[in-house]
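# Tertiary structure, described
Here is what each chain is made of, one letter per residue.
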Amino acid sequence: RPWSYFLWERIQSWFDAQIKELGVQNSYFPLFVSERALNTEKEHVEGFAPEVAWVTKSGQSELAEPIAIRPTSETIMYPFFAKWIRSHRDLPLEINQWC
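Now for a description of the structure that goes with this document. (Residues numbered from 1 in each chain as written. Predicted model: local features only at pLDDT ≥ 70, side-chain atom pairs only at ≥ 80, totals over all residues. Heavy atoms only, no water.)

## Observations concerning the sheet that holds strand S4 (residues 61-69)
Taken in spatial order, the three strands make up an open sheet running S2-S4-S3, and their pairing is antiparallel. The outermost strands of the open sheet, each flanked by one partner alone, are strand S2 (32-34) and strand S3 (53-58). In this sheet, adjacent strand axes meet at a mean angle of 50 degrees when their direction is disregarded. Inspection of the sheet shows S3 paired to S4 by five bridges, in the antiparallel sense. Within S4, the residue paired with Ala 53 across the bridge is Ile 69. (Pairing = 2+ DSSP bridges. Helix = DSSP H or I, 4+ residues; strand = E, 2+ residues; numbered from the N terminus. Axes fitted to C-alpha atoms, helices over the stretch in contact; angles between N-to-C directions.)

This is the structure we're talking about:
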């Protein structure tokens, strides 16, 4: 209902201002992940496997390779973190992803 979304926007707005004062940056990571990328986090994703939603079509066409709607953010974020954080000098990495 609209009033519940209004509450979420108020909470998000307040919290966003608070974390930005601390130097935290907002980020967004892709929603879709390939099966290959998902399998790199196989142990982590194992518990989510029954709930993973797979996209197999685009319009009327079958996709060559199905893509998953990532069950957790880690499957897409950690490879980026590995590229961005090369030493202790790159820390702390202060980012926020609104979900």
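## Some points on the pairing of S4
In this sheet, S4 lies alongside S2 in antiparallel orientation, the contact comprising three bridges. Bridged to Val 33 within S4 is Ala 68. Taking the residues between adjacent antiparallel strands as the criterion, S3 and S4 are bridged by two residues, where Gly 59 takes a positive phi near 65 degrees.

## As for a nonpolar patch on the surface
A grouping of Tyr 28, Leu 31, Phe 32 and Ile 69 is seen on the molecular surface, where their side chains present a nonpolar patch of about 390 Å² in accessible area. By secondary structure assignment, the location of Ile 69 is in strand S4. Residue classification places Ile 69 among the partly exposed residues on the basis of a relative accessible area of 32%. (Patch = residues over 30% accessible without salt bridge, like charges linked within 9 Å, V, L, I, M, F, W, Y side chains within 5 Å. Areas by Shrake-Rupley, 256 points an atom, 1.4 Å probe, with all protein chains shown as cover. Salt bridge = Lys/Arg side-chain N within 4 Å of Asp/Glu carboxyl O. Buried < 20%, exposed > 50% of the residue type's maximum accessible area, 1.4 Å probe, protein only.)

## Overview of the nonpolar core
Residues Phe 29, Val 33, Ala 37, Leu 38, Val 45, Val 52, Ala 68, Ile 76, Met 77 and Phe 81 constitute the largest nonpolar core, which totals 10 residues. Every element with two or more residues in this core is listed here: helix H2 (35-40) and helix H4 (74-84). Tallying contributions element by element places H4 first for this core, with three residues. Aside from chain neighbours lying at most four places away, what touches Val 33 is Leu 38, Ile 67, Ala 68, Arg 70 and Ile 76. (Core = buried A, V, L, I, M, F, W, Y, C linked by side-chain atoms within 4.5 Å. Contact = heavy atoms within 4.5 Å.)

## Regarding the environment of Arg 86
Tracing the sequence through the fold places Arg 86 in the loop between H4 and strand S5 (95-97). Since its relative accessible area comes to 66%, Arg 86 is described here as exposed.

## Details of the packing of aromatic side chains
Taken as a whole and assessed by the stated rule, the structure comprises eight aromatic pairs. Ring centres 5.9 Å apart and planes at 80 degrees place the aromatic pair Phe 15 and Trp 98 in the edge-to-face group. Placement of Phe 15 in helix H1 (residues 2-21) and of Trp 98 in the segment after S5 is noted, with a sequence separation of 83 residues between them. Here Phe 15 falls in the partly exposed class, since its relative accessible area comes to 36%. (Phe/Tyr/Trp six-rings, centres within 6.5 Å; stacked < 30°, edge-to-face > 60°.)

## A closer look at unusual backbone geometry
Excluding glycine, most residues fall at negative phi; most peptide bonds, likewise, are trans. Following Leu 91, the chain continues into Pro 92 via a peptide bond in cis, with omega recorded as 0 degrees. By secondary structure assignment, the location of Pro 92 is in the loop between H4 and S5.

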